[in-house]
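# Observations on chain architecture
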Amino acid sequence: MGRFAGKDILSTERLSRDEIEEILSEAKWMLGVIERRTSLNLLAGRILATLFFQTSTRTRLSFESAMQRLGGSVLGFASADSSRATGPRAETLEDTIRTVDQYADVIVLRHPDTGAATRAAGVAVAPVLNGGDGTNQHPSQGLLDTYTIWHEKGTLDGLTIGMVGDLRSTRGMHSLVHCLSNFHSRLILVSPEQLRFDDSVKRVLKSKKVEFEEATDVDRVIKELDVMYVTRLNKEGAGEGYEALLTSYPRITLALVNQGKKDLIVMHDLPRTDELGLQIEAEVDDSPYARYFQEMKYGVAVRMAMLALTQGVVG
Ligand code: CP
């Protein structure tokens, strides 16, 4: 039995370099399966439950695609409104999870509350994979971003990686920074001052001797970057300051990325829209820098790896 068998994946905070490399290595193998347009029977007869209390396109559909490519099947809901989680006679999250635990072998949960995935894992026998909880963590996103950098650059060491945008409230950024903290790359954290990582994240980076600096203006650091990872402003996290922050928020144009290294890659967790339009202008999409759509294919492979590892059929 592998070390992930039967385990939850709720956060990337305690994942070691070795554990991350095992997930990436399995994902690479899974990517080969996807690219050959074949499927596997590794999870035949097993069921994934996708419980999405918040909207999603990528996370839910790619977990479903991943389970089906592994020969398993899927049940679930894409909105709490169609379940007993809301409305008259609404039940607790714990009761929903105890119920679904009878129907499925693995549960993916997305929920607006920080800590919801941990609460679910506390009552479920099946492994719980956190599909995003509040502003806390989104481990499959952080792992697929890590995979994308590794796949595109061939390494996770010796790079200069810009993390651009709302670092404070973006759960995917929290998951990514903890993944990257296990490697030897330099991080440039670019955001308006109010949107910087919490001190607890910076303490982790310091304790792991990760080279990092904070900046406010992406134009001033673009020439140094091997990777530029952009995220949108989180409206819930920004609160009353949202409108003001939005107007000063980084906008990535082709003119900007043309100033960077020739082999710069540009990533985004998507969706990339807000009330002012796109954080990455559409003109960047067909440039040699863009990787934000490839990330989604890698995301299926990473989620196949997470499912197969936690079900104990690989590893
Ligand atoms: N990146 C991401 O989590 O996308 P979805 O909200 O569409 O799942």
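The following refers to the structure shown. (Residues numbered from 1 in each chain as written. Predicted model: local features only at pLDDT ≥ 70, side-chain atom pairs only at ≥ 80, totals over all residues. Heavy atoms only, no water.)

Turning our attention to the side chain of Ser 181. With respect to the helices and strands, Ser 181 occurs in the loop between α6 (171–180) and β6 (186–190). Classification of Ser 181 as buried rests on a relative accessible area of 4%. Here His 178 takes part through its backbone oxygen, which lies 2.7 Å from a polar atom of the side chain of Ser 181. There is a polar contact of 3.0 Å between the side chain of Ser 181 and the side chain of Lys 208. Not counting the four nearest positions on each side in its chain, Ser 181 is found in contact with Leu 205, Lys 208 and Val 210. (Helix = DSSP H or I, 4+ residues; strand = E, 2+ residues; numbered from the N terminus. Buried < 20%, exposed > 50% of the residue type's maximum accessible area, 1.4 Å probe, protein only. Polar contact = N/O pair within 3.5 Å; in protein donor to acceptor, adjacent residues only side chain to side chain. Contact = heavy atoms within 4.5 Å.)

Let us look at the site of the ligand. Near the ligand you find Ser 56, Thr 57, Arg 58, Thr 59, Arg 110, His 138, Gln 141, Asp 269 and Leu 270, and these make up its full shell. Contact between the ligand and Gln 141: a nitrogen atom at 3.0 Å from a side-chain N or O atom of the residue. Between the ligand and Leu 270, the relevant distance is 3.0 Å, taken from a nitrogen atom to a main-chain nitrogen or oxygen of the residue. Relative to its unbound accessible surface of 250 Å², the ligand loses 92% to contact with the protein. Across the shell around the ligand, the residue classes tally to 1 nonpolar, 5 polar and 3 charged. (Near = heavy atom within 4 Å. Areas by Shrake-Rupley, 256 points an atom, 1.4 Å probe, with all protein chains shown as cover. Nonpolar A, V, L, I, M, F, W, Y, C, P; charged D, E, K, R; others polar.)

Let us look at the pairing of strand β7 (residues 212–215). Regular strands show a simple pattern: their side chains alternate between the two faces of the sheet. Bridge analysis of β6 against β7 gives 4 bridges, and the strand direction is parallel. Considered in β7, the bridge of Leu 187 is made with Phe 212. Assessed by its sense of winding, the connection that carries the chain from β6 through helix α7 (residues 199–207) to β7 is right-handed. (Pairing = 2+ DSSP bridges. Right-handed = clockwise from strand over helix to strand, strands pointing away.)

Before going further, it helps to examine helix α2 (residues 58–69). Along its 12 residues, α2 runs 16 Å from first to last C-alpha, staying within 8% of the 16 Å computed at 1.5 Å per residue. Among the residues making up α2, those that are buried are Thr 59, Arg 60, Ser 62, Phe 63, Glu 64, Ala 66 and Met 67. Contacts made by the buried residues of α2 are with β1 (47–52), β2 (73–77), β3 (106–111), β4 (128–133), α5 (139–153) and α11 (294–310). Backbone geometry just downstream of α2 places Gly 71 in the positive-phi region, at approximately 90 degrees. (Expected span 1.5 Å × (residues − 1).)

Turning our eyes to something else, we now look at the packing of aromatic side chains. Taken as a whole, this structure holds 4 aromatic pairs when the rule is applied. An angle of 70 degrees between the planes, with centres 5.5 Å apart, marks the rings of Tyr 147 and Trp 150 as edge-to-face. Of the two residues, Tyr 147 and Trp 150 are both situated in helix α5; the distance of 3 residues between them amounts to about one turn of the helix. Exposure remark for Tyr 147: the relative accessible area of 0% places this residue in the buried category. By way of ring pairs, the aromatic residues Tyr 147, Trp 150 and Tyr 298 are connected into one cluster. (Phe/Tyr/Trp six-rings, centres within 6.5 Å; stacked < 30°, edge-to-face > 60°.)

What follows concerns the pattern of salt bridges. Counted under the stated rule, the structure contains 21 salt bridges. One salt bridge in this structure joins Arg 17 and Glu 21, with 3.0 Å as the shortest N-O distance. Residue Arg 17 and its partner Glu 21 are located together in helix α1 (residues 17–35), separated by 4 residues, close to a single helical turn. Judged by relative accessible area, which is 27%, Arg 17 ranks as partly exposed. Salt-bridge contacts for Arg 232 lead to Asp 269; the nearest nitrogen and oxygen are separated by 3.7 Å. Taken together, the residues span a long stretch of sequence, with Arg 232 in the loop between β8 (227–230) and α8 (235–238) and Asp 269 in the loop between β9 (265–268) and β10 (273–274) at a distance of 37 residues. Overall, the relative accessible area of 9% leaves Asp 269 in the buried class. Overlapping salt bridges, with partners in common, bring together Arg 186, Glu 211, Glu 213 and Glu 224 in one network. (Salt bridge = Lys/Arg side-chain N within 4 Å of Asp/Glu carboxyl O.)

The values are spatial; any link to function lies outside them.
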